[in-house]
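Observations on the three-dimensional arrangement
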Amino acid sequence: TLHYRMQVLGEAGELARGCHLLEVEVTGPDGKVVSRFGGATATSKGAATRDIPVPVNALPGEYRLVARAPQTGVQAEARFTIAE
């Protein structure tokens, strides 16, 4: 299972209040977008958590996850690896 948590922070570094739209894009080791791992999601009280089953035939290697807040253009990136 792929588990990730995203947070939207206010100016003072605290969790931002309210609901915020986030667009998540995950790119696989082959450079192609893996839509099942990403998509649009919304925060609740500044945070969102996703748990996504990883298929047994998922391509092994390093993946890149980019979360964007379209309202502000702010984005963050993380990487994870699926083992063989």
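The following refers to the structure shown. (Residues numbered from 1 in each chain as written. Predicted model: local features only at pLDDT ≥ 70, side-chain atom pairs only at ≥ 80, totals over all residues. Heavy atoms only, no water.)

**Examining the nonpolar core**
Heads up, the condition is: Take the buried Ala, Val, Leu, Ile, Met, Phe, Trp, Tyr and Cys residues and link them wherever side-chain atoms come within 4.5 Å; each set so joined is a nonpolar core. Only protein chains enter the accessibility calculation, which uses a 1.4 Å probe; a residue whose area is less than 20% of its type maximum is buried, one above 50% is exposed, and one in between is partly exposed. Numbering goes from the N terminus for both helices and strands, where a helix is a DSSP run of H or I of at least four residues and a strand is a run of E of at least two. Whether two residues touch is decided by their heavy atoms; if any such pair falls within 4.5 Å, the residues are in contact.
With 19 residues, the main nonpolar core has Y4, M6, V24, V26, F37, Y63 and F80 as its most contacted residues. Going through the elements one at a time, strand 1 (2–7), strand 2 (21–27), strand 4 (47–52), strand 5 (61–69) and strand 6 (74–82) are the ones with two or more residues in this core. Top element by residues in this core is strand 5. It accounts for 4 residues. The residues contacting V26, other than those within four sequence positions of it, are K32, V33, V34, F37, G38, Y63, R64, L65 and F80.

**Notes on the pattern of salt bridges**
Applicable threshold: Every case where a carboxyl oxygen of Asp or Glu lies within 4 Å of a side-chain nitrogen of Lys or Arg is listed as a salt bridge.
In the structure shown here, the tally under the stated rule is 3 salt bridges. Between R79 and E62 there is a salt bridge whose closest N-O contact spans 3.4 Å. Taken together, the residues R79 in strand 6 and E62 in strand 5 connect sequence positions 17 residues apart. With a relative accessible area of 45%, E62 lands in the partly exposed category. Residues joined in a network through salt bridges with shared partners are E62, R64, E77 and R79.

**What to know about the environment of L9**
Tracing the backbone shows L9 in the loop between strand 1 and strand 2. In this structure the C-alpha to C-alpha distance between L9 and G46, which are 37 residues apart in sequence, comes to 6.8 Å. Beyond its immediate sequence surroundings of up to four residues, L9 is in contact with E14, L15 and A16.

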